[in-house]
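Reading the structure
The chain contents come next:
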Amino acid sequence: AQTVTQSQPEMSVQEAETVTLSCTYDTSESDYYLFWYKQPPSRQMILVIRQEAYKQQNATENRFSVNFQKAAKSFSLKISDSQLGDAAMYFCAYRSPSYDKVIFGPGTSLSVIP
Amino acid sequence: ETGVTQTPRHLVMGMTNKKSLKCEQHLGHNAMYWYKQSAKKPLELMFVYNFKEQTENNSVPSRFSPECPNSSHLFLHLHTLQPEDSALYLCASSLSGLISYEQYFGPGTRLTVT
């Protein structure tokens, strides 16, 4: 069975600085999708960025980028120029294309210090 | 309304009550999900429906009873709950199959069992 691990329960970053959130996963599949979701306090969970496993190029969305290492089964999220609005829980998630189940990691709580 | 909506947003119920949570998606998706989010625990998948058919029941106790009358609506019927069932219940939807894989989440229902 697939598993997703986020080894950093809490992290903090100074405003305007860069922070990297870690995620590792375990799977025997060769094709899958990885996601980072953001859940601000008392607000809706939203998708931050997505990576297809067959793509070697790392996904980028504005200030958010990933470092996808397929052989190492690692999928870290880098947030550049951190803003106060980035403070949230961040969840790493894995999805197989063969079924509709998404597996979430335990989450990392990110604080942004003004 | 757009996106995924959930009602009620907050619910307090006694252990002998019967209540229902409602989820509605306006995105044209065909897969819908119930998740339980408890403090300090990973997001727990409860049920998955694909084209109104239940495709996943993650060993959820029978005091939780899902219903999916069509691809746009999902209910979670609750009866004789326990205090440990207090949590945030999230609904999500997505497209199924080889089209798109990210999930769109509702704001959640904060359930307190007294």
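This text goes with the structure placed above it.
What comes next is a walk through the structure. (Residues numbered from 1 in each chain as written. Chains lettered and ligands numbered in written order. Predicted model: local features only at pLDDT ≥ 70, side-chain atom pairs only at ≥ 80, totals over all residues. Heavy atoms only, no water.)

The next subject is the state of the cysteines. One pass over the full model with this rule turns up 2 disulfides over all chains. Across the disulfide, C23 of chain A is cross-linked to C92 of chain A (sulfur-sulfur distance 2.0 Å). Judged by the sign of its S-S torsion, about -70 degrees, the bond between C23 of chain A and C92 of chain A is left-handed. Linking C23 of chain A in the loop between β3 (19-21) and β4 (24-26) with C92 of chain A in strand β10 (residues 88-95), this pair joins segments that are 69 residues apart in sequence. Relative accessible area serves as the criterion here: at 1%, C23 of chain A is assigned to the buried category. In this structure C92 of chain A comes out as buried when scored by relative accessible area, which is 0%. In this model, C23 of chain B is linked to C91 of chain B through a disulfide, with the two sulfur atoms separated by 1.9 Å. Linking C23 of chain B and C91 of chain B, the disulfide has an S-S dihedral of approximately -70 degrees and is accordingly described as left-handed. One end of the pair, C23 of chain B, is in strand β3 (residues 18-25); the other, C91 of chain B, is in strand β9 (residues 87-94), with 68 residues separating them in the sequence. A single burial state applies to C23 of chain B and to C91 of chain B, both of which are buried. C68 of chain B carries a free sulfur, and the closest cysteine sulfur to it, the one in C91 of chain B, is 9.0 Å from it. (Disulfide = S-S within 2.5 Å. Helix = DSSP H or I, 4+ residues; strand = E, 2+ residues; numbered from the N terminus. Buried < 20%, exposed > 50% of the residue type's maximum accessible area, 1.4 Å probe, protein only.)

What follows concerns the nonpolar core. Ranked by internal contacts, the top residues of the largest apolar core, which has 26 residues, are Y25, W36, F75, L77 and Y90 of chain A. If you list the elements that add at least two residues to this core, you get β3, β5 (33-39), β6 (46-52), β8 (64-69), β9 (74-79), β10 and β12 (108-113) of chain A. With 4 residues, β10 of chain A is the largest single contributor of residues to this core. Filtering out sequence-adjacent residues up to four positions away, Y25 of chain A remains in contact with T3, V4, Y32, L34, F68, Q69, K70, K73, S74, F75 and Y94 of chain A. In terms of nonpolar packing, the next biggest core, distinct from the first, is built from 22 residues, V4, Y49, L78 and V113 of chain B among them. (Core = buried A, V, L, I, M, F, W, Y, C linked by side-chain atoms within 4.5 Å. Contact = heavy atoms within 4.5 Å.)

Right, let's talk about the interface of chain B and chain A for a bit. A common way to report how large an interface is uses the accessible area buried once the components associate. The interface of chain B with chain A comprises 26 residues on the first partner and 17 residues on the second. Taken together, the two surfaces of chain B and chain A that pack against each other cover about 1700 Å², and 52% of this comes from carbon and sulfur. It is Y101, E102 and F105 of chain B in chain B that bury the most area against chain A; as a group they hold 36% of the surface buried on that side. For the interface between chain B and chain A, the tally reads 1 salt bridge. (Buried area = accessible area lost by both parts, 1.4 Å probe. Salt bridge = Lys/Arg side-chain N within 4 Å of Asp/Glu carboxyl O.)

All right, on to the pattern of salt bridges then. Applying the stated criterion across every chain, the model contains 7 salt bridges over all chains. E52 of chain A is the partner of K55 of chain A in a salt bridge, and the nearest nitrogen-oxygen pair spans 3.9 Å. Taking the shortest distance from any N to any O, the salt bridge between D86 of chain A and R63 of chain A comes out at 2.8 Å. Of the two residues, D86 of chain A sits in the loop between β9 and β10 while R63 of chain A sits in the loop between β7 (60-61) and β8, which places them 23 residues apart along the sequence. According to the relative accessible area criterion, D86 of chain A is buried, its value standing at 2%. Each of R50, E52 and K55 of chain A together with E102 of chain B takes part in one network of salt bridges that share partners.

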